[in-house]
Amino acid sequence: MNITIFAISKEKVNFFIRVANGFDKKNKITFITTRYSSYKLLKQSNFNVYILQDLIEKNNDIEQYEYLFSDAVKMDVVIDILTQDDAKKQFDYIVNGFDSYFSSNQVDKFILWNGSMMQGFIASHIADLYNVNKLYFEVGNFPNKLFIDNEGVNAKSSLMHKDLSICDNFDKNKLDLFLVEHKKVKEDMHIVPQAKKKAPNYDIVVDMLYNIFSKYPITEYKNIFYKLKDKYSKKIDIIYDKNIDINNINYIFLPLQVSTDSQIIRNSETNLINAIKYAISEAKKNNLALIIKPHPSENNEEINNLIYSEKKKFSNLFLVNVNTYQLIKYSQKVITINSTVGIESLMYYKHTEILGNAFYKKYCTPNICDKIDHHIIDRFLFNYLFNVLEDGCFFDNSSTININHS
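Draft legend 1. Spatial organisation of the sheet that holds strand E11 (residues 351-354). Taken together, five strands build an open sheet; the order of strands is E9-E8-E7-E10-E11 and the sheet is parallel. What marks the edges here is a single partner per strand, and that holds for strand E9 (317-319) and E11. Looking at each pair of strands side by side, their axes are set apart by 20° on average, direction ignored. Bridge count for strand E7 (residues 251-255) against strand E10 (residues 333-336) is two bridges, and the pairing is parallel.

See the structure below:
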């Protein structure tokens, strides 16, 4: 089988090298990347690899792909890492390179990371036009788990049209044992970790220099200065409410995703501003307090300014930095756009309202007056945890990844 893997960053390259090493040796593995630093790493690891810039053909007619443009660049333009003009130029290069590759090579399977950003989005759609089977990868919602799917990740995955409450191998004892152990570990953490601080990345300069001398420069950012500014910009200082006893408050919990989350931009008509306003109205309507936990990576001052403004008008609105699992545990209801916290809320059989699109939305009970069906939730959780997610750690570079997908 001819397998092509698309990986951009070194982090993803190292992960997909482990995936490639898990395949049968009879398969032919080819990598495509757009970063010279990743290209060098793959060459040093003795893989067949192309850098996409070298695949671009001057006279390749790509007009047929224009219909993809607005959706393809949506993430990159909305979060302002590319201007509209830059996005169009990058779009043309990327379309050209992948069309040239798929038209000239027999590809039986195309593997990529989630497909939310422009490069992956374009690659996956061109693969479709050439009738190539795909596998999307994403970090699983739980430790040492991976999500792998033929159609996409999250709300774009095959889970959107499957009923995970039907489970032939359901084992209540196995599920309960997992939930007890998992929740105990998470509840005992002071702050659930969001991201590890990364060491300085000098590959940025290497990749920039390559693009300066490339006839067809492909980059994910406006320029190197934007990337460095983004990397070292100061985070917003948040004024949290102190000494809030969540055991003695009846409240709705609203955990905030970062406003540039691809799940919000690609899979939701609701943004954070509207979610906050809606959660406040729900709290008032049900005579409950509202506890908001900001995302630690949020840099949008408009979000915090809105919360501070609403706090002046609603005395039962609290801003906290408390353990997420504890906040779920003692809440009357959880509202989220479409984050993993929605699944975690189901682990506590909480009323859960999803404002965006999510594959688990149909298993939630949003109305606080309605009875929650534990039977449905149990089977969904078991199916997802033990039949859907696959074993594998994204961050452990020492182990090979063996996948079960055909």
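Draft legend 2. Seen up close, the sheet that holds strand E3 (residues 48-51). A sheet is described by the order of its strands in space; here seven strands give the open sequence E3-E2-E1-E4-E5-E6-E12, paired in mixed fashion. At either margin of the open sheet sits one strand with a lone partner, and together these are E3 and strand E12 (390-391). As paired elements, strand E6 (residues 145-149) and E12 share two bridges and run antiparallel to each other. From the neighbouring strand, Lys145 faces E12, where its bridge partner is Asp391.

Draft legend 3. Summary view of a nonpolar patch on the surface. A cluster of nonpolar side chains, Val205, Leu209, Ile212 and Phe213, forms an exposed patch at the surface whose accessible area comes to about 430 Å². By the element assignment, Val205 lies in helix H8 (residues 203-213).

Draft legend 4. How the structure looks around the pattern of salt bridges. In this structure the tally under the stated criterion is 14 salt bridges. Across the pair Asp128 and Lys134 runs a salt bridge, and its minimum N-O distance is 2.8 Å. With its nearest N and O atoms 3.3 Å apart, the salt bridge here joins Lys313 to Glu310. With a gap of three residues between them, Lys313 and Glu310 both fall in helix H12 (residues 301-313), about one helical turn apart.

Draft legend 5. The pairing of strand E5 (residues 133-139), seen in detail. With respect to burial, E5 is a largely interior element, five of its seven residues being buried. When strand E4 (residues 109-113) meets E5, the two strands line up parallel, connected through five bridges. Within E5, the residue paired with Lys109 across the bridge is Asn133. Handedness of the crossover joining E4 and E5 through helix H6 (residues 118-129): right-handed. The sheet contact formed by E5 and E6 spans four bridges and is antiparallel. Bridge assignment links Tyr136 to a residue of E6, and that residue is Asp149. The hairpin turn running from E5 into E6, its antiparallel successor, is five residues long, and Asn144 in that turn takes a positive phi close to 60°.

Draft legend 6. Focus on the nonpolar core. With 80 residues, the main nonpolar core has Phe98, Phe102, Phe110, Tyr360, Phe380, Leu381 and Tyr384 as its most contacted residues. For this core, the element with the most residues is helix H5 (residues 84-104), which contributes eight residues. For Tyr360, the residues in contact, after removing those within four places along its chain, are Thr336, Asn338, Ser339, Thr340, Gly342, Ile343, Ile354 and Phe380. Ile17, Phe31, Trp113 and Phe394 belong to the second-largest nonpolar core, a separate cluster that totals 25 residues.

Draft legend 7. The packing of aromatic side chains, seen in detail. A full pass over the atoms with the stated rule returns 29 aromatic pairs. Taken together, the ring pairs in this structure connect Phe6, Tyr50, Phe98, Tyr101, Phe102, Phe110 and Tyr130 into an aromatic cluster.

Draft legend 8. Structural detail: unusual backbone geometry. Despite not being glycine, Asn287 has its phi angle at roughly 55°, a positive value. Looking at where Asn287 falls in the secondary structure, it is placed in the loop between helix H11 (272-285) and strand E8 (289-293). For Asn287, a relative accessible area of 71% translates into the label exposed. With phi around 55°, Tyr349 is a residue other than glycine that occupies positive phi space. Following the sequence through the fold, Tyr349 ends up in the loop between helix H14 (341-346) and E11.

Draft legend 9. Spotlight on the packing of helix H1 (residues 10-21) against helix H2 (residues 36-44). Their axes nearest at 9 Å, the elements H1 and H2 cross at an angle of 25°. Classified by the angle their axes make, H1 and H2 are roughly parallel. Between H1 and H2 lies a crossing of right-handed hand. Residues Lys10, Val13, Asn14 and Ile17 of H1 form the contact with H2, whose participating residues are Ser37, Ser38, Leu41 and Leu42. Per-class residue counts for the contact of H1 with H2 are four nonpolar, three polar and one charged.

Draft legend 10. The arrangement of helix H7 (residues 172-188) in detail. Between its first and last C-alpha, H7 extends 24 Å over 17 residues, near the 24 Å set by a 1.5 Å rise per residue. Three or more residues of H7 are buried, namely Leu175, Leu179, His182, Lys183, Lys186 and Glu187. Each buried residue of H7 lies within a common arc of 120° when the element is viewed along its axis, so the set occupies one face. Exposed side chains of H7 directed beyond 90 degrees from the buried face belong to Asn173, Leu177, Val180, Lys184, Val185 and Asp188. The elements touched by buried residues of H7 are helix H13 (324-329) and helix H15 (374-388). Taking the backbone nitrogen of Asn173 as reference, a side-chain oxygen 3.1 Å away marks Asp171 as the first, capping residue of H7.

Draft legend 11. Representation of the side chain of Asn27 in the model. Mapped onto the elements, Asn27 comes out in the loop between H1 and strand E2 (28-33). Reaching out from Asn27, the side chain makes a polar contact with the backbone nitrogen of Met1 at a distance of 3.4 Å. Every residue in contact with Asn27, bar those within four places of it in the chain, is listed here: Met1 and Ile3.

Conventions used here
- Residues numbered from 1 in each chain as written.
- Predicted model: local features only at pLDDT ≥ 70, side-chain atom pairs only at ≥ 80, totals over all residues.
- Heavy atoms only, no water.
- Pairing = 2+ DSSP bridges.
- Helix = DSSP H or I, 4+ residues; strand = E, 2+ residues; numbered from the N terminus.
- Axes fitted to C-alpha atoms, helices over the stretch in contact; angles between N-to-C directions.
- Patch = residues over 30% accessible without salt bridge, like charges linked within 9 Å, V, L, I, M, F, W, Y side chains within 5 Å.
- Areas by Shrake-Rupley, 256 points an atom, 1.4 Å probe, with all protein chains shown as cover.
- Salt bridge = Lys/Arg side-chain N within 4 Å of Asp/Glu carboxyl O.
- Buried < 20%, exposed > 50% of the residue type's maximum accessible area, 1.4 Å probe, protein only.
- Right-handed = clockwise from strand over helix to strand, strands pointing away.
- Core = buried A, V, L, I, M, F, W, Y, C linked by side-chain atoms within 4.5 Å.
- Contact = heavy atoms within 4.5 Å.
- Phe/Tyr/Trp six-rings, centres within 6.5 Å; stacked < 30°, edge-to-face > 60°.
- Parallel < 35°, antiparallel > 145°, perpendicular 65-115°, else oblique.
- Left-handed = near helix turned anticlockwise from the far one by under 90°.
- Nonpolar A, V, L, I, M, F, W, Y, C, P; charged D, E, K, R; others polar.
- Expected span 1.5 Å × (residues − 1).
- Arc of directions from axis to C-beta.
- Polar contact = N/O pair within 3.5 Å; in protein donor to acceptor, adjacent residues only side chain to side chain.

Keep in mind these values describe shape, not function.
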